[in-house]
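# Close look at the chain arrangement
Here's the letter readout for the chains.
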Protein chains: 2
Amino acid sequence: MALKKFNAGDFESWERFYRANFFNSAGGFKSLNLIGTRSSTGITNLGLFFSVIHVGANPPFLGVLFRPHTVARHTLENILDTGFFTVNAVQLDMLPQAHQASAKYDKDESEFTAVGLREFYSSDFPVPYVEESRIKLGCRFVEKHEIKANATLLLVGKIEECWVDSEALLEDGFIDHSKVNGITVNGLDTYYTAMLEKRYKYARPGQNVEEK
Amino acid sequence: MALKKFNAGDFESWERFYRANFFNSAGGFKSLNLIGTRSSTGITNLGLFFSVIHVGANPPFLGVLFRPHTVARHTLENILDTGFFTVNAVQLDMLPQAHQASAKYDKDESEFTAVGLREFYSSDFPVPYVEESRIKLGCRFVEKHEIKANATLLLVGKIEECWVDSEALLEDGFIDHSKVNGITVNGLDTYYTAMLEKRYKYARPGQNVEEK
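First, a word on what this report is: a plain description of the structure on this page.

Bringing the overall build of chain A into the picture now. Within chain A, the secondary structure is distributed over five helices and 13 strands. For chain A, the C-alpha radius of gyration of 19 Å lies close to 17 Å, the compact-globule estimate for 212 residues. If one aligns the C-alpha atoms of chain A with their principal axes, the spans along those axes are about 55 × 50 × 30 Å. Looking at chain A as a whole, 50% of its 212 residues are labelled buried.

On to the sheet that holds strand 12 (residues 183–186) of chain B, then. Across the sheet, six strands lie side by side as 2(A)-12(A)-13(A)-13(B)-12(B)-2(B); this open sheet has antiparallel pairing. The sheet is open, and its two edges are formed by strand 2 (30–31) of chain A together with strand 2 (30–31) of chain B, each paired on a single side. The sheet contact formed by strand 12 (residues 183–186) of chain A and strand 13 (residues 190–199) of chain A spans four bridges and is antiparallel. Along strand 13 of chain A, the bridge assignment pairs V185(A) with Y191(A).

The interface of chain A with chain B comprises 100 residues on the first partner and 99 residues on the second. Class assignment of the residues belonging to the side of chain A that touches chain B gives a composition of 53 nonpolar, 28 polar and 19 charged. When strand 1 (residues 3–7) of chain A meets strand 11 (residues 153–165) of chain B, the two strands line up antiparallel, connected through five bridges. Looking across to strand 11 of chain B, one finds that K4(A) is bridged to V164(B).

So, on to the relation of the copies chain A and chain B. Mapping chain A onto chain B calls for a rotation angle of 180° and an axial translation of 0.0 Å; the resulting RMSD is 0.0 Å. Between the two chains, the operation in question is that of a two-fold axis.

Right, let's talk about the pairing of strand 4 (residues 44–49) of chain A for a bit. Residue and element names in this part refer to chain A. The element strand 4 is largely enclosed, with a buried count of five among its six residues. Pairing analysis gives six bridges linking strand 3 (residues 33–38) to strand 4, with the strands arranged antiparallel. If you follow G36 over to strand 4, its bridge partner there is L46. Taking the residues that link successive antiparallel strands as the turn, the strand 3-strand 4 hairpin has five residues, and the phi of G42 there is positive, at about 95°.

All right, on to the environment of F174(B) then. You can see F174(B) is positioned in the loop between strand 11 and strand 12. C-beta crowding within 10 Å serves as the criterion here: with 24 such atoms nearby, F174(B) is assigned to the buried category. In contact with F174(B), not counting residues within four places along its chain, are N21(A), S25(A), G187(A) and T190(A).

A few words now on the environment of I159(B). All names here are of chain B. Here I159 lies in strand 11. What makes I159 buried here is the crowd of 25 C-beta atoms within 10 Å. Setting aside chain neighbours within four positions, we find I159 in contact with P60, F61, L62, L137 and C139.

For helix 2 (residues 16–26) of chain A, every residue scored as buried is listed here: N21(A), F22(A), F23(A), N24(A), S25(A) and A26(A). Backbone geometry just downstream of helix 2 of chain A places G28(A) in the positive-phi region, at approximately 105°.

To continue, consider unusual backbone geometry. All names here are of chain A. Note that the residue after N58, namely P59, is joined by a cis bond; omega there is -5°. Within the secondary structure layout, P59 lies in the loop between strand 5 (52–57) and strand 6 (60–66). For N181, which is not a glycine, the phi torsion comes out positive at approximately 60°. Note on placement: N181 falls in the loop between strand 11 (153–165) and strand 12.

Tracing the backbone shows C162(A) in strand 11. C162(A) sits 21 residues away from F141(A) along the chain, and the two C-alpha atoms are 15 Å apart. Residues within four places of C162(A) in sequence aside, it is in contact with K136(A), L137(A), F6(B) and A26(B).

Conventions used here
Residues numbered from 1 in each chain as written. Chains lettered and ligands numbered in written order. Predicted model: local features only at pLDDT ≥ 70, side-chain atom pairs only at ≥ 80, totals over all residues. Helix = DSSP H or I, 4+ residues; strand = E, 2+ residues; numbered from the N terminus. Rg over C-alpha atoms; globule rule 2.2 N^0.38 Å. Buried ≥ 20, exposed ≤ 12 C-beta atoms within 10 Å, placed from the backbone. Pairing = 2+ DSSP bridges. Contact = placed C-beta atoms within 7 Å. Nonpolar A, V, L, I, M, F, W, Y, C, P; charged D, E, K, R; others polar. Least-squares fit on C-alpha atoms with pLDDT ≥ 70 in both.

This is how it looks when you write it as structure tokens:
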């Protein structure tokens, strides 16, 4: 292998899109989720995110990072206005519609209609899920943190209900997204399916790595 | 498809490991990185993380979420003590060693030696990279946020230098981790390689999704 070294001087010299591609992909593969919300006036919204992270299991929390709120951010505004959002995993058969949901639609137009995905409502939950998604999480907003370095925002949500395809849910609670052709993303626009390599047992010092 | 619904009552009724598997995998595929640090007394350390997120490109920032600091967290302590860390992407040929680095070693034992990965030092950087990793990022700690809901910690680092394999770096700045057999993880212990499905052009309202 031949590694190239780059430093701050290089980063600054790069053209804007080169730099965006580089740093959006540098950290590796990310989750791909559509976040569903509703505005205070009742317009539904979908946004495509690769910044959903695990925050806790008991009670269950997740986080989503948002770019700075200097321009309209419909998903962010709706969450702060209504307190609820849904996280809907993207699978291969809905990938073109999911990518199209990353386009900048006006706030009075619902991405559900614009991209051709259906709204699904759970009786106990006030904002729409994506019908086509096979792993959906209903979340209540709990806290917000502003990253001082660049004004991005981390929102934390408590997971209040989940809808999971039985094909993906294994007997030990593990939701294997690859069983339903779940998508992973690298960078801003490149989408992959995942091929299982290994499932390992819990690692302990002085023991050899063992497959499950 | 047949989706099963689960709510807060279900979450509480589950056995601890079932719940951990469920919520660690619910949000989808994650990046897999080894974080390299050095303690204030000079002991090197490696930890395995799937919580690295993109925070910004100009200047470049990334974030890492850490579990609560209620027990020893060597990586976290070293970053707060020295101000520096490296983020080293995991590829297929180093996966068993990377998984072994998730075992709880004592602070006076270096995971580099224990798991069999080599330290690599850049002349301009004070903490070790993983020699075997083909995409490595050198970061300076900039800020810390405590998630009040469960005392997890988000650390933000500024990327000061990068070492990237030419095979993975495309002409538009995109680092395609799949070109070097980069690993993505779902849940606590399940590892995948990625198979390219689509690279799409920037989406705009009223236009059809187009491949790049």
